[in-house]
Amino acid sequence: QVQLVESGGGLVQAGDSLRLSCAASGRTFSSYAMGWFRQAPGKEREFVTAISRSGGSIYYADSVKGRFTISRDNAKNTVYLQMNSLKPEDTAVYYCAATPTAAMLTIRRVYDAWGQGTQVTVSS
């Protein structure tokens, strides 16, 4: 199974940008579709964005569309989340996840490997 480690979280002001990274190890990275989810205090973990194994298909939650960009570098075994125009409501722990499936990438239960999460806090 693939192991995932997120980095890049922090405390920023509204309107700022952050880039999260998720480094994968253990199995062939290009065999996995990747997703980012987030969980705010007292709320369910929610889908943010996902990218297919080749990078040819990308999905975004409506709440982040136009502000966040997911990308992957299969040579570096890393997936990125560029977050621009951050809002206080983006405050959450952000989790990277991997799945060997190619379908239903917006659904949490299809992912079988998760990172430990990285905190993103956006102040107003």
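Data block above holds the structure.
None of the values given here were measured: they were computed from a predicted structure. (Residues numbered from 1 in each chain as written. Predicted model: local features only at pLDDT ≥ 70, side-chain atom pairs only at ≥ 80, totals over all residues. Heavy atoms only, no water.)

Draft legend 1. Broad picture of the packing of aromatic side chains. Tallied over the full model, the rule gives four aromatic pairs. Ring plane angle 75° and centroid distance 5.7 Å describe the contact between F37 and F47, whose orientation is recorded as edge-to-face. Remark: F47 occurs in strand β5 (residues 46-51) and F37 occurs in strand β4 (residues 33-39); sequence separation between them is 10 residues. Across this residue pair, the class does not change: F37 and F47 are buried. Ring pairs connect the aromatic residues F37, F47, Y111 and W114, which therefore count as one cluster. (Phe/Tyr/Trp six-rings, centres within 6.5 Å; stacked < 30°, edge-to-face > 60°. Helix = DSSP H or I, 4+ residues; strand = E, 2+ residues; numbered from the N terminus. Buried < 20%, exposed > 50% of the residue type's maximum accessible area, 1.4 Å probe, protein only.)

Draft legend 2. Region of the structure containing the nonpolar core. The biggest cluster of nonpolar side chains holds 37 residues, and the ones touching the most others in it are L4, M34, W36, V79, M83 and Y94. Sorting the residues of this core by element identifies β3 (18-25), β4, β5, β7 (68-73), β8 (78-83), β9 (92-99) and β11 (118-123) as the ones contributing at least two each. Top element by residues in this core is β9. It accounts for five residues. (Core = buried A, V, L, I, M, F, W, Y, C linked by side-chain atoms within 4.5 Å.)

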